[in-house]
Amino acid sequence: MPITAVVARVPEATYRRPLVAVDMSDSSRLALELALRICDPATEKIDVVHVVSPPNPVYVTEATLVLDMDQSRVEAAQRARAELLAFLDTVKTDRLWNVVLTTGDPRQAILDEAKNRSSDLIAMGTQGRTGLAHVLVGSVAEGVLRAATSDVLVARHRRPYFSEF
């Protein structure tokens with residue numbers, strides 16, 4: 001179970017204001033579970049942020065049909081919130097979730113939320129892409145690691161390796 005932890009300074013106490021960024025992947029589930037283990041037991045609420053892409057406008061010129069962007073945003077937010085809540089329901093904990101749903105660049109959105117909430121820990125998963133995939137897609141985790149002012153925990157869930165003989 002690969003885990004990267006970047007500690008800005010020697011911790012003086014357990015984490016009390018964690019922010020966990022999730023994308024509903026196995027890696028983000030692992031990051032959430034690890035954050036629950038290492039944060040202060042007295043922490044009753046855990047901030048969880050999920051960043052969704054803004055909907056693309058659709059234009060059909062022949063029929064002059066224009067997708068109502070406001071309605072599209074509302075529906076996308078409702079779907080994302082339902083998916084996020086279903087994801088969080090699968091995690092066993094007595095703690096409450098403070099769910100944050102936002103749009104935009106995931107790196108910047110996570111950093112902004114951490115700053116606005118004075119988070120002392122950012123926990124997140126990574127897909128662990130390397131090579132060309134990493135260059136083309138980039139890494140949200142890497143961007144957060146480089147710019148975060150708080151401690152950062154990055155977890156990568158290993159998929160089982162099956163080989164054919």
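Residues numbered from 1 in each chain as written. Predicted model: local features only at pLDDT ≥ 70, side-chain atom pairs only at ≥ 80, totals over all residues. Heavy atoms only, no water.

A word on the nonpolar core
Test applied: Grouping buried Ala, Val, Leu, Ile, Met, Phe, Trp, Tyr and Cys residues that are joined through side-chain atoms within 4.5 Å yields what is termed a nonpolar core. Exposure is judged per residue with a 1.4 Å probe applied to protein chains only, and the accessible area is read against the type maximum: over 50% gives exposed, under 20% gives buried, and values in between give partly exposed. Elements are defined by DSSP. Helices are runs of H or I of four residues or more, strands are runs of E of two residues or more, and each kind is numbered from the N terminus. Any two residues whose heavy atoms approach within 4.5 Å at even a single point are treated as in contact.
Grouped together as the largest cluster of nonpolar side chains are 23 residues, with contacts concentrated most on L32, V48, L84, L88 and W97. If you list the elements that add at least two residues to this core, you get α1 (26-38), β3 (45-52), α2 (69-89), β6 (96-103), β7 (121-125) and β8 (151-155). Top contributing element to this core by residue count: α1, with 6 residues. For W97, the contacting residues outside a window of four places in its chain are L32, L36, I46, V48, L88 and V91. Residues V49, M124, V152 and V154 belong to the second largest nonpolar core, which totals 15 residues.

Describing the side chain of D40
What counts here: In protein, a polar contact means a hydrogen-donor-capable atom and an acceptor-capable atom, both N or O and within 3.5 Å, with residues adjacent in sequence counting only if both atoms are side-chain atoms; elsewhere, any N or O pair within 3.5 Å suffices.
When you line up the elements, D40 lands in the loop between α1 and β3. Residue class for D40 comes out buried when judged on its relative accessible area of 9%. Here T14 takes part through its side chain, which lies 3.1 Å from a polar atom of the side chain of D40. Leaving out residues up to four positions away in the same chain, D40 has contacts with T14, Y15, R16 and R95.

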